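# Chain and residue survey
Listed below, chain by chain, are the residues.
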Amino acid sequence: MNDPTCRVLLVSGDEIARYGFGDGHPFGTDRHEAFMRELHKRGMDGRVLRASARPATREELEWFHLAAYVDLVRERSVTGHGYLDAGDTPAFRGVYEAASHVVGGTLTAVEAVMAGTARRAFIPIGGLHHAAPERAAGFCVFNDCGVAVHYLRRKHQLKRIAYVDIDAHHGDGVFYAFEDDPDLLFADLHEDGRYLYPGTGRAEETGAGPARGTKLNIPLAPGAEDDEFHLAWARVEEYLLAGKPEFILLQCGADSLAGDPITHLRFTEAAHAHAAARLCVIADELGHGRVVGMGGGGYNRQNLARAWTGVVGAFLDSQAQQGSVGEIAAR
Ligand code: ZLS
Ligand code: ZN
């Protein structure tokens, strides 16, 4: 890709495609391919910059996770036996390498945006928002979102970072790890916990200690559609504009679309494209333009392919608009 105006990076490849579970598990390894096929079908694969994922270092993993838990994943990775949680997240041979590449891939995306080689970046298998410091949870082994926050702070001295999550499941692993951190802006639209895992993310959960009142959890009723999405989204925009983050992370799980086999929201892929497009506008208005998208959940393959290509499309369009504004200004 030689076009210098193309500044959207896609982090993809076998290293992250290997992250997934066999035997009819919803989070299979075919999800990466389903997305890549759709990207190709829409002629978008030639319009993005490409990078493969590097593995996260042990030090990077330990910014978020306990050393004893990182050791446990490494041990189970050799035998591939047993579960890493109470039944959702089975170990498999090579799980340590696959999961650390997902984290390293998200860091690759973040680093490209910070270095200015890309203005936006997307990683399909990132967004593993349930993993806790001491354990796996809900298909998530290592929490790439949480490590990315620490990375931006340690390597780039950023303070105020926004984490926005439109996956149907509440991003509990991120929320509770940063619950008392007023500088981690957290906005999460999700299906409420009456039928859905993990059952957290009530509107009253606004943060703890010095961060009390600073986080935005918006639970939606099962069956909520795009109208409800847009009402909630307006609150997310208001929250971000007031909070003035220096970087925006978007977990854009496609399991909030109608037809997902394990959730009950009924958004269309237009919601995901809208979220991505508006975050680009907000990041541009804030003067830095930094947005990274992470795929997250999504278990209906057609849905995830459409939602995530829509997100990449919105990133590409925002680039084109940026170019045209510059061209107009130069006239
Ligand atoms: O946000 O609902 C649960 C927890 C259980 C029910 C399932 N059993 C196995 C464990 C206990 C209460 N877990 C959810 C986790 C959803 C994680 C979403 C991740 C994300 O999208 C981000 C990537 C859940 N829902 C559906 C299943 N688990 C599930 C369905 C079918 C299976 C097969 C494989 C494994 C066991 C049988 C499994 C899990
Ligand atoms: Zn989910």
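Residues numbered from 1 in each chain as written. Chains lettered and ligands numbered in written order. Predicted model: local features only at pLDDT ≥ 70, side-chain atom pairs only at ≥ 80, totals over all residues. Heavy atoms only, no water.

By the naming in an unreviewed UniProt entry, the protein chain goes by Histone deacetylase domain-containing protein and is assigned to Steroidobacter gossypii. We quote the UniProt Sequence similarities (unreviewed entry) comment for the protein chain here in full: "Belongs to the histone deacetylase family." (UniProt positions renumbered as here; feature names shortened; annotations may be inferred.)

Our next topic: the packing of helix 4 (residues 67–79) against helix 5 (residues 95–115). Running from amino to carboxyl end, helix 4 crosses helix 5 at an angle of 130°, the nearest separation of the two axes being 7 Å. Taken together, the axes of helix 4 and helix 5 are oblique relative to one another. Contacts from Val-70, Val-73, Arg-74 and Ser-77 in helix 4 reach Val-95, Tyr-96 and Glu-97 in helix 5. Within the contact of helix 4 with helix 5, the residues separate by chemical class into four nonpolar, one polar and two charged. (Axes fitted to C-alpha atoms, helices over the stretch in contact; angles between N-to-C directions. Helix = DSSP H or I, 4+ residues; strand = E, 2+ residues; numbered from the N terminus. Parallel < 35°, antiparallel > 145°, perpendicular 65-115°, else oblique. Contact = heavy atoms within 4.5 Å. Nonpolar A, V, L, I, M, F, W, Y, C, P; charged D, E, K, R; others polar.)

Looking now at the UniProt feature "domain: Histone deacetylase" (unreviewed entry) in the protein chain. What UniProt calls "domain: Histone deacetylase" (unreviewed entry) maps, in this numbering, to residues 25–313. Note that residues 25–313 is 41% helix and 12% strand, and that its end C-alpha atoms are spaced 29 Å apart.

Within the open sheet, the eight strands sit side by side as 2-1-3-8-7-4-5-6. Their pairing is parallel. Two strands in the sheet have a free side with no partner beyond their single neighbour: strand 2 (49–51) and strand 6 (216–220). Across the sheet, the axes of successive neighbouring strands diverge by a mean angle of 15°, strand direction being ignored. The sheet contact formed by strand 1 (residues 8–11) and strand 3 (residues 120–123) spans three bridges and is parallel. Following the sheet pairing, Leu-9 is matched in strand 3 by Ala-121. This element, helix 9 (residues 269–285), spans strand 3, strand 4 (161–165), strand 7 (247–251) and strand 8 (291–294) of the sheet and lies at about 170° to strand 7. (Pairing = 2+ DSSP bridges.)

Another point: the coordination of the zinc ion (ligand 2). Bound to the zinc ion (ligand 2) on the protein side are Asp-167 (OD), His-169 (ND1) and Asp-255 (OD), at distances that span 1.9 to 2.1 Å. Sequence spacing of the donor residues for the zinc ion (ligand 2), all on one chain, is D-x1-H-x85-D. Note that Asp-167 is positioned in the loop between strand 4 and helix 7 (172–177) and Asp-255 in the loop between strand 7 and helix 9, a separation of 88 residues in sequence. With a relative accessible area of 0%, Asp-255 lands in the buried category. (Donors = N, O, S within 2.8 Å, 3.2 Å for Na, K, Ca; no water. Buried < 20%, exposed > 50% of the residue type's maximum accessible area, 1.4 Å probe, protein only.)

For ligand 1, the set of nearby residues contains 16 residues, the closest of which are Asp-88, His-129, His-130, Asp-255 and Tyr-299. Residue His-130 places a side-chain N or O atom 2.7 Å away from an oxygen atom belonging to ligand 1. Here an oxygen atom of ligand 1 and a side-chain polar atom of Asp-255 are 3.0 Å apart. (Near = heavy atom within 4 Å. Polar contact = N/O pair within 3.5 Å; in protein donor to acceptor, adjacent residues only side chain to side chain.)

What follows covers the packing of helix 8 (residues 226–243) against helix 9. Relative to each other, helix 8 and helix 9 sit at 15°, their axes nearing to 11 Å. Here helix 8 lies roughly parallel to helix 9, going by the angle between them. For the crossing formed where helix 8 meets helix 9, the hand is right-handed. Across the interface between the two elements, Asp-226, Phe-229, His-230, Trp-233, Glu-237, Leu-240 and Leu-241 from helix 8 touch Ala-270, Ala-271, His-274, Ala-275, Arg-278, Leu-279, Ile-282 and Glu-285 from helix 9. (Left-handed = near helix turned anticlockwise from the far one by under 90°.)

With that out of the way, let us pick up the pattern of salt bridges. Scanning the entire structure with this criterion turns up 18 salt bridges. Among the ionic pairs, Asp-183 bridges to Arg-160, the shortest N-O distance being 3.0 Å. Here the residue Asp-183 occupies a position in the loop between helix 7 and strand 5 (184–191), and Arg-160 occupies one in the loop between helix 6 (144–156) and strand 4, the gap between them amounting to 23 residues. According to the relative accessible area criterion, Asp-183 is buried, its value standing at 17%. Overall, the relative accessible area of 25% leaves Arg-160 in the partly exposed class. Linking Glu-225 and Arg-266 is a salt bridge whose minimum nitrogen-to-oxygen distance equals 4.0 Å. (Salt bridge = Lys/Arg side-chain N within 4 Å of Asp/Glu carboxyl O.)

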